[in-house]
Amino acid sequence: MEECISVFDMLKIGVGPSSSHTLGPWRAAERFLEELRANNFFQKTIQLKIDLYGSLSLTGKGHATDLAIMLGLSGQNPEYIPIENIAGIIKLIKDKNEINLGNDKIIPFNFSKDIVFNKNFLPFHANGMTFTAFAKDLNSYISTFYSIGGGFVVKEERVNAKKKIQIKCAFPFPINHADELLNYTIQENKSISEIVYENEKSMRPEAEIDHELMRIWNTMLECIYIGCHSEGILPGGLNVRRRAFDMHQHLIGLANYDSPQTWLEQIRLTEVKFRQILKWVSCFALAVNEVNASLGRVVTAPTNGSAGVIPAVLMYYLVIENHEASEKEIKQFLMVASEIGSIFKKGSTISAAMGGCQAEIGVSSAMAAAALCELMGGTPAQVLMAAEIAMEHHLGLTCDPVGGLVQIPCIERNTMGAIKAINAAELALETDPKNAKVPLDKVINTMWETAKDMNNKYKETSEGGLAIAVNMADC
């Protein structure tokens, strides 16, 4: 049986551009520091070497993997670091050829030599990395981590140990499959969000749950706001122009506001014409992923590359469907979305390096579709159907980032995932679940089989698809 996966495991606050290639390595670096301290090797350390493998190596520079590792080794927390401090910390490391390890001890560190990009893959997972700390007495401490998507980091020995002993989830309603979730809703006469809330209450006080859910939403809202009010060219060399700014200007007109919250209320008061709805949704999604592409703060949902789908669809509900919606509906949306994401993680993957973009945009679209469906009055069976419909039409989607950057086609794909989520929710609401032909668990299994059959060059390697059809000169 799987371990419990909380809402706050699926929806993490962090820094872009990638959950598996930026946030995961950052967290791995933090865990390596913890291991050094726990094994009394921290004070002995005089030199470091980091080896990146597989997808982390092939697209790591475009995904800022090397920068994330340096920030993690410096003792910085991706959830709270002031974004404006990042460039200065990196510049200091490069200029001085030294790193303030754990923000506690300065040691030599050569950015270009001490992080090694190895193109070969480790057998356990496509996103492998090995940290080595050297002591003056020639002893060393070595640890290997795997970034498995969505900011989750594991060690192979821990996963192998889980296979030998059954780990029982402490949730009152442990869920591995969609049909189990549906059975709980019938048995308890509760909605999906209510089942999720009961599980969360077994881990932390209600006040903390409510506060953290709103902190996640406020981070999403601020991210959209920043994206809608930032213009210029995205970093990385592709010369991709930000589009959310112009689109937002055309939509909002001369409205007055001074914060993300008053901005949201202003939009809710704006008369939205039918043909503008898709533009607003696209604008919201573009805004988030342009912030993500510029190493801004986003919410991993379930990944950074797909971070725009869920906030865009939630904004759609707040500004188009229900102007009276409050914190209650926001928290409800986030809980349903996270549960659907956790079922996909347990039954398939949320790592593009393992499953292509179906594992990122496809899963995020399914999460958003399910959440929207519940808010719009769908039954639990219809909610699961909405998730199934959304994923069904993302099956086989490849991950082929141009230049290894989370920009082309990643940013636009968030707009497509959001639109499909809304469409899937509407279709589910108009369908009797008795007539459904493909259960959610079946499509999750199909997604995993598709992932295994997919050629590796289409799994976040920049070795296939658009990544080789378009080169930097073309851009």
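Predicted, not measured: the structure shown is a model, and the values here were computed from it.

> Looking at this structure, I do not really get the overall build of the protein. What am I missing?
For the protein, the count of helices and strands is 21 helices and nine strands. In terms of C-alpha radius of gyration, the protein reaches 22 Å, essentially the compact-globule figure of 23 Å for 475 residues. Projected onto its principal axes, the C-alpha positions of the protein cover 70 × 55 × 45 Å. Counting only residues that meet the buried cut, the protein has 58% of its 475 residues in that class. The long-range fraction of contacts in the protein, counting pairs at least 24 apart against all pairs at least 6 apart in sequence, stands at 78%. For the protein, the distance from the average position of its 44 positive side-chain charges to the average position of its 54 negative side-chain charges is 6 Å.

> Any chance you could explain unusual backbone geometry here in plain terms?
The phi torsion of most residues other than glycine is negative, and most of the peptide bonds are trans. The omega torsion across Gly-16 and Pro-17 is 10°, close enough to zero to call that bond cis. Here Pro-17 shows up in the loop between strand S1 (12-15) and helix H2 (19-38). A cis geometry characterises the amide bond from Ala-301 onward to Pro-302, with omega recorded as -5°. If you trace the backbone, Pro-302 turns up in the loop between strand S9 (297-300) and helix H14 (309-321). Of note in the backbone geometry, Asn-239 takes a positive phi value of approximately 60° without being a glycine. With respect to the helices and strands, Asn-239 occurs in the loop between helix H10 (206-228) and helix H11 (244-252). Among the residues examined, Asn-239 registers a relative accessible area of 53% and is labelled exposed. Of note, the phi angle at Glu-460 is positive, near 55°, even though the residue is not glycine. In this structure, Glu-460 sits in the loop between helix H20 (440-453) and helix H21 (466-469).

> Would you mind showing me how to read the sheet that holds strand S2 (residues 45-53) here?
Sheet strands pair via backbone hydrogen bonds, and the direction of the pair is either parallel or antiparallel. The strand order S5-S2-S6-S7-S8 describes an open sheet built from five strands, whose pairing is mixed. Looking at which strands have only one partner, the edges of the open sheet turn out to be strand S5 (115-118) and strand S8 (152-154). If you compare each strand with its neighbour and ignore which way they point, the axes differ by 25° on average. Relative to strand S7 (residues 140-149), strand S6 (residues 128-135) runs antiparallel, the two being bridged by seven bridges. The partner of Ala-133 across the bridge, within S7, is Tyr-141. The strands that H2 touches are S2, S6, S7 and S8; relative to S7, the one it contacts most, it runs at about 150°.

> Hey, could you run me through the nonpolar core in this one?
What tends to happen in soluble globular proteins is that the nonpolar side chains get buried as a cluster. Counting residues in each nonpolar core, the largest one holds 113 residues, and the members touching the most others are Trp-217, Met-315, Phe-333 and Leu-334. When near neighbours in sequence (up to four residues on either side) are disregarded, Leu-334 contacts Val-7, Leu-11, Leu-213, Ile-216, Trp-217, Met-220, Ile-310 and Leu-314. If you look at the next biggest cluster of nonpolar residues, it comprises 37 residues, including Leu-73, Ile-93, Leu-101 and Tyr-141.

> What am I meant to see in the pattern of salt bridges here?
Pairing of side chains with opposite charge becomes possible as their charged atoms draw close. Counted according to the given criterion, the structure contains 17 salt bridges. We note a salt bridge from Glu-412 to Arg-243, for which the minimum N-O separation is 2.9 Å. Separated by 169 residues along the polypeptide, Glu-412 in helix H19 (residues 410-429) and Arg-243 in the loop between H10 and H11 bring together distant segments of the chain. A single network of salt bridges, built from pairs that share partners, joins Arg-27, Glu-30, Glu-79, Glu-212 and Arg-215.

> Explain empty space enclosed by the protein to me, please; I cannot follow it from the model alone.
A full pass over the atoms with the stated rule returns four cavities of 30 Å³ or more. By volume, the largest cavity is sized at about 140 Å³. For the largest cavity, the lining is made up of 16 residues, of which Gly-305, Glu-360, Cys-399, Val-406 and Cys-410 are closest to its centre. A breakdown of the residues in the lining of the largest cavity according to their chemical character gives nine nonpolar, three polar and four charged.

> Whenever I open this one, the side chain of Ser-20 confuses me. Can you help?
Mapped onto the elements, Ser-20 comes out in helix H2. Within the structure, Ser-20 has its side chain in polar contact with the side chain of His-21 (distance 2.8 Å). Here Ser-20 is in contact with Pro-25, Leu-56, Asn-127, Ser-147, Gly-149 and Glu-460, once residues within four sequence places are set aside.

> Even after reading the chapter, I still don't get the packing of aromatic side chains, so can you show me in this structure?
Aromatic ring pairs: the centre-centre distance and the angle between the two ring planes describe each pair. Per the stated rule, a full pass over the model turns up 10 aromatic pairs. With 6.1 Å between their ring centres and 40° between their planes, Phe-32 and Tyr-141 make a pair best called tilted. Here Phe-32 is found in helix H2, whereas its partner Tyr-141 is found in strand S7, with 109 residues between them in sequence. Aromatic pair Phe-131 and Phe-145: ring centres 5.8 Å apart, planes at 80°, arrangement edge-to-face. Residue Phe-131 is located in strand S6, and its partner Phe-145 is located in strand S7; the two are separated by 14 residues in the primary sequence. This pair shows no difference in class: Phe-131 is buried, exactly as Phe-145 is. Put simply, the rings of Phe-32, Phe-41, Phe-131, Tyr-141 and Phe-145 touch in pairs and so form one group of aromatic residues. The cationic tip of Lys-61 hangs over the ring face of Phe-117; the distance from NZ or CZ to the ring centre is 5.0 Å. Just above the ring of Phe-152 sits the side chain of Lys-345; from NZ or CZ to the centre is 4.4 Å.

> Explanation requested: the environment of Ala-467 in the structure shown.
Examined against the element boundaries, Ala-467 turns out to sit in helix H21. A sequence separation of 68 residues divides Ala-467 from Cys-399, and the C-alpha atoms of the two residues are 9.1 Å apart.

> Honestly, the packing of helix H18 (residues 380-392) against H19 in this entry has me stumped. Any pointers?
Geometrically, a packed helix pair is captured by the angle between its two axes and the distance between the axes. The interhelical angle for the contact between H18 and H19, taken along N-to-C directions, is 135°, at an axis separation of 8 Å. In terms of axis orientation, H18 runs oblique to H19. Considering how the two elements wind past one another, H18 and H19 form a crossing that is right-handed. Only Ala-424, Ala-425, Leu-427, Ala-428 and Leu-429 of H19 make contact with H18, whose side of the interface consists of Gln-382, Met-385, Ala-386, Ile-389 and Ala-390. Broken down by class, the residue content of the contact of H18 with H19 amounts to nine nonpolar, one polar and no charged.

> I keep staring at the environment of Gly-417 and nothing clicks. Help me out?
The residue Gly-417 is located in helix H19 in this model. As for Gly-417 and Gly-362, which are separated by 55 residues in sequence, their C-alpha atoms are 6.9 Å apart. Among all residues touching Gly-417, those that are not within four sequence positions of it are Val-309, Ile-361, Ser-365 and His-394.

Conventions and cut-offs
- Residues numbered from 1 in each chain as written.
- Predicted model: local features only at pLDDT ≥ 70, side-chain atom pairs only at ≥ 80, totals over all residues.
- Heavy atoms only, no water.
- Helix = DSSP H or I, 4+ residues; strand = E, 2+ residues; numbered from the N terminus.
- Rg over C-alpha atoms; globule rule 2.2 N^0.38 Å.
- Buried < 20%, exposed > 50% of the residue type's maximum accessible area, 1.4 Å probe, protein only.
- Contact = heavy atoms within 4.5 Å.
- Lys, Arg positive; Asp, Glu negative; His and termini not counted.
- Charge placed at Lys NZ, Arg CZ, Asp CG, Glu CD.
- Pairing = 2+ DSSP bridges.
- Axes fitted to C-alpha atoms, helices over the stretch in contact; angles between N-to-C directions.
- Core = buried A, V, L, I, M, F, W, Y, C linked by side-chain atoms within 4.5 Å.
- Salt bridge = Lys/Arg side-chain N within 4 Å of Asp/Glu carboxyl O.
- 1 Å grid on protein atoms, 1.4 Å probe; cavity = no way out; pocket = protein on both sides within 12 Å on 5 of 7 lines; lining within 4 Å.
- Points joined across faces, edges and corners; volume = space filled by probe spheres on them.
- Nonpolar A, V, L, I, M, F, W, Y, C, P; charged D, E, K, R; others polar.
- Polar contact = N/O pair within 3.5 Å; in protein donor to acceptor, adjacent residues only side chain to side chain.
- Phe/Tyr/Trp six-rings, centres within 6.5 Å; stacked < 30°, edge-to-face > 60°.
- Lys NZ or Arg CZ within 6 Å of the ring centre and 35° of its normal.
- Parallel < 35°, antiparallel > 145°, perpendicular 65-115°, else oblique.
- Left-handed = near helix turned anticlockwise from the far one by under 90°.

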